[in-house]
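# Coordinates in review
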Amino acid sequence: MNSLLELTHADIISTVEFNHTGELLATGDKGGRVVIFQREPESKTEPFSQGEYNVYSTFQSHEPEFDYLKSLEIEEKINKIRWLPQQNAAHFLLSTNDKTIKLWKVSERDKRPEGYNLKDEEGRIKDISTVTSLQVPVLKPMDLMVEVSPRRVFANAHTYHVNSISVNSDYETYMSADDLRINLWHLDITDRSFNIVDIKPVNMEDLTEVITAAEFHPHHCNLFVYSSSKGTLRLCDMREAALCDKHSKLFEEPEDPSARSFFSEIISSVSDVKFSHSGRYLLTRDYLTAKVWDLNMESKPLETYQVHDYLRSKLCSLYENDCIFDKFECAWNGSDSVIMTGAYNNFFRMFDRNTKRDVTLEASRESSKPRAVLKPRRVCAAGGKRRKDDISVDSLDFTKKILHTAWHPTENIIAIAATNNLYIFQDKLNSEMH
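These notes cover the structure that comes with them. These numbers come from a predicted model, not from an experiment.

## A closer look at the pattern of salt bridges
- Within the structure shown, the criterion is met by 24 salt bridges.
- For the salt bridge of R39 with E23, the shortest nitrogen-to-oxygen distance reads 3.9 Å. Of the two residues, R39 is situated in strand 4 (residues 33-39) and E23 in the loop between strand 2 (13-18) and strand 3 (24-29); the sequence distance between them amounts to 16 residues.
- Among the residues examined, R39 registers a relative accessible area of 8% and is labelled buried.
- Taking relative accessible area as the criterion, E23 reaches 35% and is therefore assigned partly exposed.
- A salt bridge links D29 to R33, with the shortest nitrogen-to-oxygen separation between them at 3.5 Å.
- Relative accessible area serves as the criterion here: at 26%, R33 is assigned to the partly exposed category.
- Three or more residues are tied together by salt bridges with common partners; here these are D11, D29 and R33.

Below you can see the structure in the form of structure tokens.
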């Protein structure tokens, strides 16, 4: 049913991403490393058993840098990884830290050339006078080797911290977003990008919001969406103007004046936005809720799901320990019928859009034993009636948080990053809600 892939204790996972087939899964960590896991083929002796994910390749993507002009350290932490659709035998992925985006090629080699005329076995150049006959080099089998090589480095285009990268459906371009600007890049051109959104005010004292996430539409290469710290979503169409400062659609839920508090603006900030696979819906996550929006209805979300409403009474202490600024991601399943997002205490939530059922599950050592079945968990609000096995909101561990999750593009396999552990759960028979 599940497996736990443990990384070294100091390496907190900062991003998780399946490739387009789900055969590969990449994680990035705060140490600037990318670890790629590959799904093993199904066992012939157990035809119904799904393949496990095992380490395929590990490489150092980013190193710590120093900006001497601004006297700023640039962290090596990987903020995002995005796979390019596979065009040939090699795989390509983009990884970014706060400033620099890199394109990596991941390829396999299981043969090596032998029998050079001008080189010996060690690769040294021979003395030409000793070469008396010509031979045809041949390819000999060798142990499989996975090679990872940097193909492009896209640098010097962001003044602020990069929070998102998204590959366009034309497979030629991608965008990168920081707090105030979004840039459009061609995958073959590294020395220039095109600025498509700029919300930086002339006077920084007038700054009221920042960009928190951005993503291209999965099918229409001219459309993209970006979210803001004010809880709004802006859909932009690159056919309308070169600079997309004027959005095509603005998705915003009117605020209830009676519910307004000191924390209203902080908890309404959108931490993640994802198009559905169909391209019809948007999934967003703010601090307490996950929302599904219909592209055809801007006035309010189609669905709102309470992720951990029991924390509403705890906002003051969550503000004091900075947890209120945590950025939780969200994910769709392959058919857009179930959504998933993380919470505290190593809990993660799933919501079935059709049946309206929801479940809280825990990524823990106990649940990571092979074929162990995940038991639903329930959190009891302060002062509420507690049932057996309920967890009190006062005993939640806020240092254990699931910020990064990913769902296999077609199957019921999920990847959950819990601090420095990667959990992979798969559903053998039923849907996630059972």
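Once the structure has been displayed, the description carries forward.
## Description of the environment of T419
- Here T419 lies in the loop between strand 31 (413-418) and strand 32 (421-426).
- For T419, a relative accessible area of 30% gives the class partly exposed.
- Distance from T419 to S14, taken between C-alpha atoms, is 8.3 Å for residues 405 residues apart in sequence.

## Let's talk about the sheet that holds strand 23 (residues 303-306)
- With antiparallel pairing, four strands are arranged side by side in an open sheet as 20-21-22-23. With partners counted over all chains shown, the strands left at the sheet margins are strand 20 (272-275) and strand 23, one partner each. Between one strand axis and the next, the sheet turns through 15 degrees on average, direction left out of account.
- Of the strand pairs in this sheet, strand 20 and strand 21 (residues 281-285) are connected by four bridges, and their pairing is antiparallel. Each bridged residue has a counterpart across the sheet, and for F275 the counterpart in strand 21 is L282.

Criteria and thresholds
- Residues numbered from 1 in each chain as written.
- Predicted model: local features only at pLDDT ≥ 70, side-chain atom pairs only at ≥ 80, totals over all residues.
- Heavy atoms only, no water.
- Salt bridge = Lys/Arg side-chain N within 4 Å of Asp/Glu carboxyl O.
- Helix = DSSP H or I, 4+ residues; strand = E, 2+ residues; numbered from the N terminus.
- Buried < 20%, exposed > 50% of the residue type's maximum accessible area, 1.4 Å probe, protein only.
- Pairing = 2+ DSSP bridges.
- Axes fitted to C-alpha atoms, helices over the stretch in contact; angles between N-to-C directions.

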